[in-house]
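# Working through the structure, step by step
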Amino acid sequence: MAAAAELQGKYQKLAQEYSKLRAQNQVLKKGVVDEQANSASLKEQVKMKDQSLRKLQQEMDSLTFRNQQLAKRVELLQDELALSEARGKKSKKSTESSSQLSQEQKSVFSEDLQKKIEENERLHILFFEADEQHKRLEAELRTRLEVLETDAAQHQAVVDGLTRKYTDTIEKLQNDKAKLEIKSQTLEREAKDCRLRTEECQQQLKNLQAALGSRLEESLCIINEKVPFNDTRSNRYNALNVPLHNRRYQLKLRDLAGQALAFVQELVTALLNFHTYTEQKVQIFPIDSATDTISPLNQKFSQYLHENASYVRPLEEGMLHLFESITEDTVTVLETAVKLKAFSEHLTSYLCFLRKILPYQLKSLEEECESSLCTAALRARNMELHRDMKRLTAVFEKLQTYVSLLALPSTKPEGLLRTNYNFVFTNIATSLHGFHDILKDISKHYSQKATLEQDVPTATQKLITTNDCILSSVVALTNGVGKIASFFSNNLDHFTTSLSYGPKAGTEFISPLSAECMLQYKKKAVAYMKSLKKPCAASVPYEEALANRRVLLSSTESREGLAQQVQQSLEKIAKLEQEKEHWMLEAQLAKIKLEKENQKLKNSLSGHLTETIQERSVLPNVAEQKKETTEKGPREPIKSTSLAPDVESREDLIKNHYMARIAELTSHLQLADSKSVHFHAECRALAKRLSLAEKSKESLTEELKLASQNISRLQDELMTTKRSYEDQLSMMSDHLCSMNETLTKQREEIDTLKMTSKGNSKKNKNR
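Keep in mind it's a predicted model, so treat the numbers as computed, not measured.

## Quick notes on the overall build of the protein chain
Across its full length, the protein chain holds 15 helices and zero strands. Counting only residues that meet the buried cut, the protein chain has 21% of its 767 residues in that class. Residue pairs at least 24 apart in sequence account for 85% of intrachain contacts in the protein chain once pairs closer than 6 positions are excluded. When the accessible surface of the protein chain is totalled, it reaches about 57000 Å², and 57% of it is carbon and sulfur.

## Things to note about the pattern of salt bridges
Between side chains of opposite charge, a pair can form as their charged atoms come close. In the structure shown here, the tally under the stated rule is 15 salt bridges. Among the salt bridges present, the one from K135 reaches D131, with a minimum N-O distance of 3.9 Å. Highlighted residues: K135 and D131, both in helix α2 (residues 96–226), separated by four residues, approximately one helical turn. Linked by salt bridges that have partners in common, K281, E368, K449 and E453 make up one network.

## Here's the deal with a negative patch on the surface
Taken together, E694, E698, E702 and E703 make up a surface patch of like negative charges. On the secondary structure map, E703 appears in helix α15 (residues 644–766).

## Concerning a nonpolar patch on the surface
On the surface, I654, Y658, M659 and I662 cluster together into a nonpolar patch covering about 410 Å² of accessible area. Turning to its location among the elements, I662 is positioned in helix α15. Judged by relative accessible area, I662 falls into the partly exposed class, the value being 48%.

## Quick notes on the environment of L28
Its location among the elements puts L28 in helix α1 (residues 2–90). When its relative accessible area of 25% is taken as the criterion, L28 is described as partly exposed. For the pair L28 and V158, spaced 130 residues apart in sequence, the C-alpha separation works out to 8.9 Å. Other than its neighbours up to four places away in sequence, L28 contacts V159 and L162.

## Observations regarding the side chain of H436
Within the secondary structure layout, H436 lies in helix α9 (residues 421–454). A residue is classified by how much of its surface remains accessible, and H436, at 16% relative accessible area, is buried. Leaving out residues up to four positions away in the same chain, H436 has contacts with T478, V481 and G482.

## Quick word on helix α7 (residues 339–370)
End to end, α7 covers 47 Å across 32 residues, agreeing with the expected 46 Å (1.5 Å per residue, within 8%). Of all bends in α7, the biggest is about 35°, found at I357, and the proline P359 comes one to four residues later.

## Observations regarding the environment of C469
Relative to the helices and strands, C469 resides in helix α10 (residues 461–490). Take C469: its relative accessible area is 26%, and that puts it in the partly exposed class. Note: C-alpha distance between C469 and Y277 (192 residues apart in sequence) is 6.7 Å.

## Concerning the side chain of N308
In this fold, N308 is placed in the loop between α5 (296–305) and α6 (309–325). Residue contacts for N308: discarding those within four places in its chain leaves L272, H275, T276 and F353.

## Regarding α5
Inspection of α5 places N298, F301, S302, Y304 and L305 among the buried residues, and these make up the whole buried set. Taken down its axis, α5 places every buried residue within 160° of arc, on the same side. Of the surrounding secondary structure, the elements contacted by the buried residues of α5 are α4 (247–284) and α7.

## What about the packing of α9 against α10?
To characterise two packed helices, one gives the angle between the axes of the helices and the distance between these axes. Following both chains from N to C, one finds α9 and α10 inclined at 160°, their axes separated by 9 Å at the closest point. Comparing the axis directions of α9 and α10 gives the class roughly antiparallel. For α9 against α10, the interelement crossing comes out left-handed. Across the contact of α9 with α10, the residue classes break down as 20 nonpolar, nine polar and three charged.

## Considerations on the packing of aromatic side chains
By convention here, two paired aromatic rings are described through the distance between centres and the angle between planes. Taken as a whole, this structure holds seven aromatic pairs when the rule is applied. Between Y311 and F353 the ring centres are 4.8 Å apart and the planes differ by 20°, which places this aromatic pair in the stacked class. Note that Y311 is positioned in helix α6 and F353 in helix α7, a separation of 42 residues in sequence. Between the aromatic rings of F425 and F488, the centroid separation amounts to 6.2 Å while the plane-to-plane angle is 35°, which identifies the pairing as tilted. Taken together, the positions of F425 in helix α9 and F488 in helix α10 put the pair 63 residues apart, joining distant regions of the chain. Following the ring pairs from residue to residue traces out a cluster consisting of Y311, Y350, F353, F396 and F435. One cation-aromatic arrangement involves R254 over F323; the distance from NZ or CZ to the ring centre is 4.4 Å.

## Things to note about the nonpolar core
Nonpolar side chains in soluble globular proteins tend to be buried together. With 68 residues, the main nonpolar core has Y350, L392, F396, I428, F435 and F488 as its most contacted residues. At 13 residues, the largest contribution of residues to this core is made by α4. Here L392 is in contact with F435, I438, L439 and I442, once residues within four sequence places are set aside.

## Notes on the packing of α6 against α7
Packing of α6 against α7 leaves a shortest axis separation of 8 Å and a crossing angle of 165°. The orientation of α6 with respect to α7, classified from their angle, is roughly antiparallel. Like other packed secondary-structure pairs, α6 and α7 cross with a definite hand, here left-handed. Residues Y311, V312, P314, L315, G318, M319, H321, L322 and S325 of α6 touch α7, and the partners they reach there are K339, L340, F343, H346, L347, S349, Y350, F353 and K356. For the contact of α6 with α7, the class distribution of residues is 11 nonpolar, five polar and two charged.

## Digging into the environment of R387
Positionally, R387 belongs in helix α8 (residues 376–406). Along the chain, R387 and L362 lie 25 residues apart, while their C-alpha atoms are 8.9 Å from each other.

## Quick notes on the confidence of the model for the protein chain
Residue-level pLDDT values for the protein chain average 77, and 80% of them are 70 or greater. When pLDDT is averaged over each element of the protein chain, α10 comes out on top at 87 and helix α3 (residues 235–238) at the bottom at 62. The low-confidence segment residues 501–509 (pLDDT under 50) makes 21 contacts with residues lying over four places distant or belonging to another chain. With pLDDT under 50 throughout, residues 616–644 is counted as low confidence; its partners more than four residues away or in other chains account for seven contacts.

Cut-offs applied
Every residue gets a number counted from 1 within its own chain, in the order that chain's sequence is written. Per-residue local features of the predicted model are confined to residues with pLDDT of at least 70, and side-chain atom pairs are confined, for both listing and counting, to 80 or more; whole-chain, interface and lining totals are unaffected and use all residues. In computing side-chain values, all of the structure's heavy atoms are included and hydrogens and water are not. Helix and strand definitions follow DSSP, with helices as H or I runs of at least four residues and strands as E runs of at least two, each counted in order from the N terminus. Each residue is assigned to one of three classes by its accessible area relative to the maximum for its type, calculated with a 1.4 Å probe on protein chains only: buried under 20%, partly exposed between the two thresholds, exposed over 50%. Residue contacts are counted whenever heavy atoms from the two residues lie within 4.5 Å of one another. Areas reported here follow the Shrake-Rupley algorithm with a probe of radius 1.4 Å; residue values treat only the protein chains shown as occluding. Criterion for a salt bridge: a side-chain nitrogen of Lys or Arg within 4 Å of a carboxyl oxygen of Asp or Glu. Each patch is built from residues lacking any salt bridge and having more than 30% relative accessible area; the joining distance is 9 Å for like charges and 5 Å for nonpolar side chains (Val, Leu, Ile, Met, Phe, Trp, Tyr). Under this rule, positive means Lys or Arg and negative means Asp or Glu; His and the chain ends count for nothing. Charge placement uses NZ in Lys and CZ in Arg. For Asp and Glu, CG and CD serve respectively. A helix is expected to span 1.5 Å for every residue after the first. Throughout, bend refers to the angle between the axes fitted to the seven residues that end at a position and the seven residues that start at it. Summarising the geometry, the arc corresponds to the directions from the helix axis toward the C-beta atoms. Orientation is described by axes fitted as lines to C-alpha atoms, over the contacting stretch for helices, and by angles from 0 to 180 degrees between their N-to-C directions. Reported orientations rely on four angle classes, namely roughly parallel under 35 degrees, roughly antiparallel over 145, roughly perpendicular from 65 to 115, and oblique for the rest. Definitions for this section: a left-handed crossing has its near helix turned counterclockwise from the far helix by less than a right angle. A right-handed crossing has that turn clockwise. Note on residue categories: nonpolar means Ala, Val, Leu, Ile, Met, Phe, Trp, Tyr, Cys or Pro, charged means Asp, Glu, Lys or Arg, and polar means any other residue, Gly included. What counts as a ring pair is set by centres within 6.5 Å for rings of Phe, Tyr and Trp (its six-membered ring), and what kind of pair is set by the plane angle: stacked under 30 degrees, edge-to-face over 60, tilted for all other angles. Our definition puts a charge over a ring when NZ of Lys or CZ of Arg is within 6 Å of the ring centre and also within 35 degrees of the ring normal. The definition of a nonpolar core used throughout is a set of buried Ala, Val, Leu, Ile, Met, Phe, Trp, Tyr and Cys residues joined through side-chain atoms within 4.5 Å. Scored between 0 and 100, pLDDT is the confidence that the predictor attaches to each residue.

Here it is as structure tokens:
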């Protein structure tokens, strides 16, 4: 009811505003009509003035033409006068009558000319005045017309803006009214649904309470009868219960540990490079150990820096052992993370190393400042690095303190309370960010120091390269620490919420001994569950067996048909077996033939080899016999048939054949390589074209989506405007109907009044 009353009030306010706007609109319309009438009258006046101007121009043209005619006439008269004067001079003896006549004619012509000149002058003056007056009037009318047109345009713009504004407000209010009505209806329906749901929920709650009460009584009876000892009442015994295994949590934690291991490896590499290159720098600058002996302080500092690997490498090993201890089957919390203690001890040993080298590092910087090669700017950079090294050691001390606190729950659980876990993790995150900021300052100051040292006159290439190496190691260290800080900050919520274990219905955390016992119980439980999971024998599923049974029952084939099919399949199998045996025999025969051919080839090759060997053994015997014959005397000639030329020619042929074959194969290979290169280039071009086509396709799809969205939006706007116009038309039709009804009522009242007035007048006349 309140919503309906509020809607009615809003509707009445809208009606009042609409009536006000209509009255204002009428006034504005009247003003616009008046201005339009004024502009029309002014336009008519301008037309009239234009017409009068045209008439005056025509008169002026006629006057100019007349003036030109008179000027010509005057010229002719002057010429005649000159001729007459010349004739008068020649004929002085003319008669007096002719002279008098010429004088009279001259006087007449001069008077006539004077009159024409005066008339022409007067007409020129009148025309000039009329022209000036017309121009002035035309300018005034044009300015007035422009002012009136601008006013009319402004009024029209105001009227259009107001009508647009009022139509927009009316449409908006009508839409709001419709939305509110729809909302009120939906709220009423939702209220009804909520009432029904609450009734159903109350009924379900009653049923659940009754069921839970009965189950609670039953479970209490079972516990009292069957359970002799309840270990959940004691926190010590409850801590030994195996918690629910969360495999997803373990995988997530192992993934995080792997990322931390990668970051620590990067950090260890950067620290090793930084300490090693710092050792090289100490031996080079300000005194080069190759040319002169460095100071005892720098010697000791270099000796300590040479031992950095024995302190830095264990950090990576400790993190690796911690990563390997986190598996899928274990329960990884702070109480069971025993390897975290070893990592904390390695970090403590590295902190001791930093504390040991810090005084030597500071003294080395001071000694470098006292050197004659050190400028004022370089001394300032060294003092900044002096402060940065102190801050670096301090932040390492903070990190070591917090990591050792995290390692306490696995050894001494009373050393760190459960409520302080969040505080320790947040402080580690802030310390890592501070560590990152300090390394940024060190990188900045060391880069400035390196640029200044390059300008030193005694700077060598070895010093420049060492400075570049130190700077790159500091940049790598900064990036690694930045990654670790962002990684820890991003996963801080996960660490604070998950790295703690509290048994169900327990108020204390477990101790390391109970954690070890719990893990042993977990392993026993897993082994017991695996022993229970025996693989079932393979059998046909029940649903499949039913389906096969239905198929068999619904089949139209008889037992004889199935027997015939079996017989045909057996015959096919027998034929296939025979073919198999036949082909096996064929294969054996082919194998025997192959062996025989191989044996023949071997025998022929062995015969050829023996012949060549005999020939080679015969050749030296023949030479000896020749010697003997030369010594003793001539004997019978020995006939030796040597096959050496044939063998050589055969080898040459084989060699030439294989060389030609190799050349052919190399040409084929080169052709194939060129084709492959060409095809590879074509494939790359096609891949580029494909990627471009895909990009264009994606852009076109996006444009299509945008176009479809615009179309849908325009359709929605069209529907809303159409709906608003229909609502306005319906309202206007209703208003017209109501106005027609009021007019008909007024007409009827007027007719009745006329009739009554006529009747009264008749009565008065009768009286």
